[in-house]
Amino acid sequence: MEFRCSVRQTSKLLGREDAQVRIGAYQERADFAFTSSAWRTPARMSYFSGPATGGVSDSTGWVMLPESCWGKSGGSPLTEKPPVYVIEASATGAGMKQRELARLLVETSNAISHRAGCAPGNAPTDPKPLPAASVRPTDSAKACGIPGLALDASGGAAQGRPVERARSLSAEAEPVWACDLFLGEDEKEPPYASFAVVRDKPLASAISRSLTHHSPEAGVMASCGGEDTYFTMRTGARYAKAAEAPGSRLPDEKALFKKFVGAAKKQMNCGASAP
């Protein structure tokens, strides 16, 4: 049984908007944070790992419940063994900072774990999210800062100067790396592609076990430095149209994913092979 809770604080002060926080437990596909339309731009998130695995922005966030809690029943809201169980939250008008939202998620996760009788011995208390990625112009010769990921957006339906939101990708173990690549200037929804590399051990392990139930185009698992590493990509609805437009130089989605995986593996010193 999943749960949802909403807390609202009203203000009578002029110019002060009401604050509301929604939080709940949900069953999700293991790579939900990088493939679901509800989390469309993963590079906006600040990720943390260690005793807890999760990600937060200024207004939304999630944390993964410990695997020992999956499948618990009885007096617990966890009644089935899912790919993963997560606590998700959103805040509006609350003026909440990322670290405060991360702490709220982790404290809720701890409370749920205790209630289910599956709390880990090293329960986290104060996660420290890594800085979120910044927006910058895209270098067509190395999109997302990855040499070899050349992406020519000229011609076709992708009009305008491409921009991206990304951190540097390296062989250093960062729990999640993500890049959101916007290929046009349409203010509502330009053609875009989001890439992610997952190295957080609990999350990568959950994804690895669930891959047999997913489409092979969703992502690929590889060994980088002896660690399971997941590569995945998601494109917006307009990417395919932009790639198919007359005069477009954009690769189709399958070719783009293959190019990303090969270039990212090389950048991380874990081989250049691609699916």
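Anything mentioned here points back to the structure above.
The structure displayed is predicted, hence computed values, not measured ones. (Residues numbered from 1 in each chain as written. Predicted model: local features only at pLDDT ≥ 70, side-chain atom pairs only at ≥ 80, totals over all residues. Heavy atoms only, no water.)

**Topic: the sheet that holds strand E10 (residues 192-198)**
Piece 1. Reading across the sheet, the six strands line up as E7-E8-E9-E10-E12-E11 and stay open at both edges, with antiparallel pairing between neighbours. Edge positions in the open sheet fall to strand E7 (134-137) and strand E11 (219-224), since each of these has one partner strand only. Sheet twist, expressed as the mean angle between neighbouring strand axes with direction ignored, is 20°.
Piece 2. As judged from the seven bridges shared by strand E9 (residues 176-182) and E10, these two strands associate in the antiparallel manner. Each bridged residue has a counterpart across the sheet, and for phenylalanine 182 the counterpart in E10 is tyrosine 192. (Pairing = 2+ DSSP bridges. Helix = DSSP H or I, 4+ residues; strand = E, 2+ residues; numbered from the N terminus. Axes fitted to C-alpha atoms, helices over the stretch in contact; angles between N-to-C directions.)

**Some points on the pattern of salt bridges**
Piece 1. The full count for this structure, using the stated rule, is nine salt bridges.
Piece 2. What emerges from the salt-bridge pattern is a single network uniting Arg99, Arg103 and Asp126. (Salt bridge = Lys/Arg side-chain N within 4 Å of Asp/Glu carboxyl O.)

**Describing the pairing of strand E5 (residues 60-64)**
Piece 1. With four of its five residues buried, E5 lies for the most part within the structure.
Piece 2. Two strands pair when backbone bridges link them, and strand E4 (residues 53-56) and E5 are joined in this way by four bridges, in the antiparallel orientation. Bridging across to E5, threonine 53 finds its partner in methionine 64.
Piece 3. What sits between the antiparallel neighbours E4 and E5 is a turn of three residues.
Piece 4. Examined bridge by bridge, E5 and strand E6 (residues 84-92) share five bridges and lie antiparallel to one another. Across the sheet, threonine 60 pairs through a bridge with serine 90, a residue of E6. (Buried < 20%, exposed > 50% of the residue type's maximum accessible area, 1.4 Å probe, protein only.)

**Let's talk about the packing of aromatic side chains**
The geometry of two aromatic rings is summed up by the distance between their centres and the angle between their planes.
Piece 1. This structure, assessed with the given rule, holds seven aromatic pairs.
Piece 2. When the centroid spacing of 5.1 Å and the interplanar angle of 75° are considered together, the rings of phenylalanine 32 and tryptophan 62 count as edge-to-face. One end of the pair, phenylalanine 32, is in helix H1 (residues 32-35); the other, tryptophan 62, is in strand E5, with 30 residues separating them in the sequence. In terms of burial, phenylalanine 32 and tryptophan 62 fall into one category: buried.
Piece 3. With a centroid separation of 6.3 Å and an interplanar angle of 15°, the aromatic rings of tryptophan 177 and phenylalanine 260 are classed as stacked. Note that tryptophan 177 is positioned in strand E9 and phenylalanine 260 in helix H5 (residues 253-267), a separation of 83 residues in sequence. Considered together, tryptophan 177 and phenylalanine 260 belong to a single accessibility category, that of buried residues.
Piece 4. These aromatic residues form a ring-pair network of at least three members: Trp177, Phe195, Phe231 and Phe260. (Phe/Tyr/Trp six-rings, centres within 6.5 Å; stacked < 30°, edge-to-face > 60°.)

**Notes on the layout of surface pockets**
Piece 1. Roughly 260 Å³ of internal volume is contained in the second largest pocket.
Piece 2. If you go around the second largest pocket, you meet 21 residues; those closest to its centre are Pro51, Met64, Leu65, Pro66 and Pro202.
Piece 3. Looking at the lining of the second largest pocket, the elements that each hand over two or more residues are E5, helix H2 (98-116) and helix H3 (201-210).
Piece 4. Grouping the amino acids of the lining of the second largest pocket by side-chain chemistry returns 12 nonpolar, seven polar and two charged. (1 Å grid on protein atoms, 1.4 Å probe; cavity = no way out; pocket = protein on both sides within 12 Å on 5 of 7 lines; lining within 4 Å. Points joined across faces, edges and corners; volume = space filled by probe spheres on them. Nonpolar A, V, L, I, M, F, W, Y, C, P; charged D, E, K, R; others polar.)

**Topic: empty space enclosed by the protein**
Piece 1. Inspection of every chain in the model, using the stated rule, returns one cavity of 30 Å³ or more.
Piece 2. By volume, the largest cavity is sized at about 80 Å³.
Piece 3. Around the largest cavity, the lining comprises 13 residues; the ones closest to its centre are Met45, Tyr47, Arg167, Glu174 and Val176.
Piece 4. Among the elements that take part in the lining of the largest cavity, E9 stands out by supplying three residues, more than any other.
Piece 5. Classifying every residue of the lining of the largest cavity by side-chain character gives 11 nonpolar, no polar and two charged.

**Describing the pairing of strand E12 (residues 227-235)**
Piece 1. Burial of E12 is extensive: seven of the nine residues sit out of reach of the surface.
Piece 2. Where E10 and E12 come together, six bridges link them in antiparallel fashion. Counterpart to alanine 193 in the pairing with E12 is threonine 235.
Piece 3. As defined by bridge partners, E11 adjoins E12 across six bridges and the pair is classed as antiparallel. Bridge assignment links methionine 221 to a residue of E12, and that residue is tyrosine 230.

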